[in-house]
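Observations on the model geometry
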There are 2 protein chains.
Amino acid sequence: MSVFQATTSAPVNIACIKYWGKRDNTLILPTNSSLSITLSQDHLRSTTTARADPTFTETTLWLNGKVEDIKSGGRLERCLAQLKKMRRERIEAKDPNTPKLSEWNLHVASFNNFPTAAGLASSASGFAALTSSIAALYGLSSFDPSKPSVSSPSELSLVARLGSGSACRSLFGGFVAWEVGSSPTGEDSLAVQVAPQEHWPTMHALICVVNDAKKGTSSTSGMQRTVETSALLQHRIKNVVPARMQAIEKAIKDKDFDSFARITMADSNQFHAVALDTAPPIFYLNDVSRSIIAVVEELNRVSYEKTGHLVAAYTFDAGPNAVVYTESRNVKQIIEIIVRYFPQVESSPFPDPFNLFSGSQPAAAPLPEGFNENVAKVWEVGSVKGLIHTKIGDGPRILAESEALLASNGLPKVLV
Amino acid sequence: MSVFQATTSAPVNIACIKYWGKRDNTLILPTNSSLSITLSQDHLRSTTTARADPTFTETTLWLNGKVEDIKSGGRLERCLAQLKKMRRERIEAKDPNTPKLSEWNLHVASFNNFPTAAGLASSASGFAALTSSIAALYGLSSFDPSKPSVSSPSELSLVARLGSGSACRSLFGGFVAWEVGSSPTGEDSLAVQVAPQEHWPTMHALICVVNDAKKGTSSTSGMQRTVETSALLQHRIKNVVPARMQAIEKAIKDKDFDSFARITMADSNQFHAVALDTAPPIFYLNDVSRSIIAVVEELNRVSYEKTGHLVAAYTFDAGPNAVVYTESRNVKQIIEIIVRYFPQVESSPFPDPFNLFSGSQPAAAPLPEGFNENVAKVWEVGSVKGLIHTKIGDGPRILAESEALLASNGLPKVLV
């Protein structure tokens, strides 16, 4: 008997224009458009294998080798229901000989190659991988722009959005907008590609993983509280974000890093500003995050004075970790400055995927001329507990059978 | 020959609705109205002695015993010029026999009884004391509401405002509004008393002096940058502050602590939000400040659940220090909770002006039932390096000759 199984991987994305606030909590419809860069799956990815089989007695999801509870009426169930409906209507209804996968239970195994301790939200890549693996299993998508597909990545982004808002942006590579939409059903609140990764392949990202003792407010409950209590959020939604979306799309099309950086930093700061303008206030940045901001701002100031151009753009999601976007030629210098202020634990060697340091650990280099070294103190070792260097990347990939996470018996190869 | 000399003291004020942004940098005209509470001069004050003498060869100001440079065209000179004009027009022009003090040079000595290290802005009390001492010397004000005066405290607030915006609010005791005004000359941008201290005498304040390694952005340059770059400030100015001013004045008139506290905390947070929404962003709160906020919010949460009422309102100016407003009956408990999370240096005993602890140092008491102790960590000793307990107070006071800071020879009694 045939095995109906597909394995895909999906990328992490980090927003430059931030999503903060829902107008519909069930359909996960946002209060404003957002825009992100998809990071390379060569470094950070969620991988998912989905199998449908008439002998499975129930649908089961293993996340990192551990069974996850599929809540009735929950986000996961809504994603599955939507994918089954698409399979039924677009494939099975048109060809009575096609196996009725939509009626079979599923086994789904998902794995993130980055530890939770990295402080990166895994829900975006996770739900994008889940959506794309089942879409591949159901024959809904070829995941190859040169081949015809039953559904487009934007359509699949609608499904991923039901799982986790920002997951919709992980259905594309490159620069991706999530359009706010206006329909109460959410049909127009989908992701579109603003530019593919090939358009600006020198866009790199350095993730500074900040040590944080305290668990912050979850983004779901935090954004809800901001919508309910912030006196500034509505102004941001109506009057600030629409213009910024246009401006950053233009900056991306023009490969204008200065404008890109200014908008990205301003929008990160404004997101944290509306979080602070919430009752009770929400803080995601800590003193280490503030120091990273001070160092990047000073580096930009010095660079701007010398060359008229900026070199880096920080952005912070709902946590203290910084993501610094920069063009590839500047990454080495930025790493050297970061490790000067935030010395690294020797036991956690920098992986250096682009071989900037020829096998050695990055060392603090002299600061650029004119750089005011007192913008931040030198922090104790481990305040920034890791650096991840990656770059812009592509959308979900269909993986070979050999990469499947389910064994031939339909159970995960690795269980915890 | 007669000595023409007057000594006054003036209070510190701490805003509940924050002043942030000027529409005129020379006249110091604000972009929005603000409202503060005047703190008692029994604990925190600036004292100033002003003497006019035809033999003085120049006008000299000693601040804490050290000569200050009086910049030509600077803020201090503008205050002096305005007071001389009032003396000339209202006193000397009307009675040719009055000595022409306005034509004589001045010796002015000013002293703050709180150290700079307390992190309290001294410019408000300082310019209020300067203005009131010269006004008293010039016979412009009796500083006694029951006696007639040539000028009102609101008129003098216009003068103090030329020295430092928030100084205008220190010309009154109790609850004081600084009205934004609309005139380009600034004549209607003055302070008015919303309610005297006797209206709500149980209003106390606990100042938590936070250790801060780094000097933050000055408020003058910071607010200028916010005006130029924040996308949210104009919305705050036009759409948020006017309603808050009305609401907090009503809360004060009704002695409605819950509303007072909610508005005060929201406005402190919004001020720091627009500072963060500035390019480059401005941070005044640090991780210790955030922990104070978390502890006060938790205390309010527990209290609200039990009694339906709040007990404390934090507010932060352009620095990391918290001022916690509370009614007198709650101060002891709040101090005990603060010292639990922020243990005090034993060598800096709490002055305890209201004798809450009968001569002992405040000790950490058990937390109220239901209080989640994990809202903050217990900080290292000295993270909050001092606590100042004070209460609502009166406006400028005329002091006795014996309190003068100038000796009979016209020079400061204490020089540094």
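The rules behind each value
- Residues numbered from 1 in each chain as written.
- Chains lettered and ligands numbered in written order.
- Predicted model: local features only at pLDDT ≥ 70, side-chain atom pairs only at ≥ 80, totals over all residues.
- Heavy atoms only, no water.
- Helix = DSSP H or I, 4+ residues; strand = E, 2+ residues; numbered from the N terminus.
- Rg over C-alpha atoms; globule rule 2.2 N^0.38 Å.
- Buried < 20%, exposed > 50% of the residue type's maximum accessible area, 1.4 Å probe, protein only.
- Contact = heavy atoms within 4.5 Å.
- Buried area = accessible area lost by both parts, 1.4 Å probe.
- Salt bridge = Lys/Arg side-chain N within 4 Å of Asp/Glu carboxyl O.
- Polar contact = N/O pair within 3.5 Å; in protein donor to acceptor, adjacent residues only side chain to side chain.
- Pairing = 2+ DSSP bridges.
- Axes fitted to C-alpha atoms, helices over the stretch in contact; angles between N-to-C directions.
- Least-squares fit on C-alpha atoms with pLDDT ≥ 70 in both.
- Domains from an automatic or database assignment.
- Expected span 1.5 Å × (residues − 1).

**Quick word on the overall build of chain A**
Within chain A one finds 8 helices and 16 strands. Against the globule reference of 22 Å for 416 residues, chain A gives a C-alpha radius of gyration of 22 Å, in line with a compact fold. Considered along the principal axes of its C-alpha atoms, chain A spans approximately 75 × 50 × 40 Å. Taken across its 416 residues, chain A has 57% of its residues classed as buried. Put simply, of all contacts in chain A between residues at least 6 apart along the chain, 77% involve residues at least 24 apart.

**Considering the interface of chain B and chain A**
Contact with chain B, which involves 28 residues of that partner, is made by 28 residues of chain A. For the pair chain B and chain A, the summed buried area comes to about 2,200 Å², and 65% of that belongs to carbon and sulfur atoms. A per-residue breakdown of the area chain B buries against chain A is headed by Leu232, Phe283 and Arg290 of chain B, which together make up 26% of the total. Where chain B touches chain A, the interface holds 0 salt bridges. Run the count over chain B and chain A and you get 7 residue pairs in polar contact (both at pLDDT 80 or more).

**Looking at the environment of Gly359 of chain A**
Residue position: Gly359 of chain A is located in the loop between α8 (331-341) and β15 (384-391). The sequence separation of Gly359 of chain A and Lys391 of chain A amounts to 32 residues, and the corresponding C-alpha distance is 19 Å.

**Details of the sheet that holds strand β7 (residues 60-63) of chain B**
Residues and elements named next belong to chain B. One open sheet holds the 6 strands; their spatial order is β8-β7-β9-β6-β1-β16, and the pairing between them is mixed. The two strands at the open ends of the sheet, each matched to only one other strand, are β8 (66-68) and β16 (397-398). Contacts from helix α2 (residues 123-137) reach β1 (4-11), β6 (45-53), β7, β9 (105-112) and β16 within the one sheet, and its direction differs from that of β1 by about 150 degrees.

**Side note on unusual backbone geometry**
In the segment running from Ala279 of chain A into Pro280 of chain A, the intervening peptide bond is cis, with an omega of -15 degrees. Mapped onto the elements of the fold, Pro280 of chain A is located in the loop between α6 (257-276) and α7 (287-307). In this model, Ser358 of chain A sits at a positive phi of 45 degrees, which is unusual for a non-glycine residue. Position of Ser358 of chain A relative to the elements: it lies in the loop between α8 and β15. With a relative accessible area of 61%, Ser358 of chain A lands in the exposed category. Although it is not a glycine, Phe143 of chain B adopts a positive phi angle of roughly 50 degrees.

**Overview of the pattern of salt bridges**
Across all of its chains, the model carries 32 salt bridges over all chains by this definition. Between Asp317 of chain B and Lys18 of chain B there is a salt bridge; the shortest N-O distance is 2.5 Å. Taken together, the residues Asp317 of chain B in the loop between β13 (312-316) and β14 (322-327) and Lys18 of chain B in the loop between β2 (13-17) and β3 (22-24) connect sequence positions 299 residues apart. Look at Lys18 of chain B and you get buried, because its relative accessible area is 2%. Overlapping salt bridges, with partners in common, bring together Asp42, Asp394 and Arg397 of chain A in one network.

**Thoughts on the relation of the copies chain B and chain A**
Superposing chain B onto chain A takes a rotation of 180 degrees combined with a translation of 0.0 Å along the rotation axis, leaving an RMSD of 0.0 Å. Read as a symmetry element, the transformation amounts to a two-fold axis. Distance from the rotation axis, computed per C-alpha, reaches its smallest value in chain B at Ala273 of chain B: 2.1 Å.

**Some details on the pairing of strand β12 (residues 203-210) of chain A**
Residue and element names in this part refer to chain A. Buried residues dominate β12, accounting for 8 of its 8 residues. As paired strands, β12 and strand β14 (residues 322-327) are joined by 6 bridges and run antiparallel to one another. Its bridge partner lying in β14, His204 is registered against Thr326. Of the strand pairs in this sheet, β12 and β15 are connected by 7 bridges, and their pairing is antiparallel. Opposite Ala205, over in β15, you have Thr390 as the bridge partner.

**With respect to the sheet that holds strand β13 (residues 312-316) of chain A**
All names here are of chain A. The strand order across the open sheet formed by 4 strands is β13-β14-β12-β15, and the pairing between neighbours is antiparallel. Strands at the two margins of the open sheet, each flanked by one partner only, are β13 and β15. Going from strand to strand, the sheet's axes swing by 20 degrees on average, the running direction of each strand aside. Across the sheet, α7 is in contact with β12, β13, β14 and β15; its angle to β13 comes to roughly 160 degrees.

**Structural notes on the domain arrangement of chain A**
Residues and elements named next belong to chain A. Parsing chain A into structural domains produces domain 1 (4-197 + 399-403) and domain 2 (203-391). Relative placement of domain 1 and domain 2: their C-alpha centres are 28 Å apart. Facing 30 residues of domain 1, the contacting portion of domain 2 comprises 43 residues. In terms of surface lost to domain 2, no three residues of domain 1 exceed Ile17, Lys18 and Trp20, which account for 29% of the buried area on that side. Put simply, domain 1 and domain 2 have 1 salt bridge between them. The interface formed by domain 1 and domain 2 contains 10 residue pairs in polar contact (both at pLDDT 80 or more). Where the side of domain 1 that touches domain 2 is concerned, the elements lending two or more residues are β2 (13-17), β5 (34-38), β10 (175-178) and β11 (191-195).

**Thoughts on helix α7 (residues 287-307) of chain B**
All names here are of chain B. For α7, with 21 residues, the first-to-last C-alpha span of 30 Å sits near the 30 Å given by 1.5 Å per residue. Among the 21 residues in α7, 15 count as buried, and that is most of the element. Where α7 begins, one side-chain oxygen reaches toward the backbone nitrogen of Val288, 2.9 Å away; that side chain belongs to Asn286. Among the residues trailing α7, Gly308 stands out with phi positive, at a value near 80 degrees.

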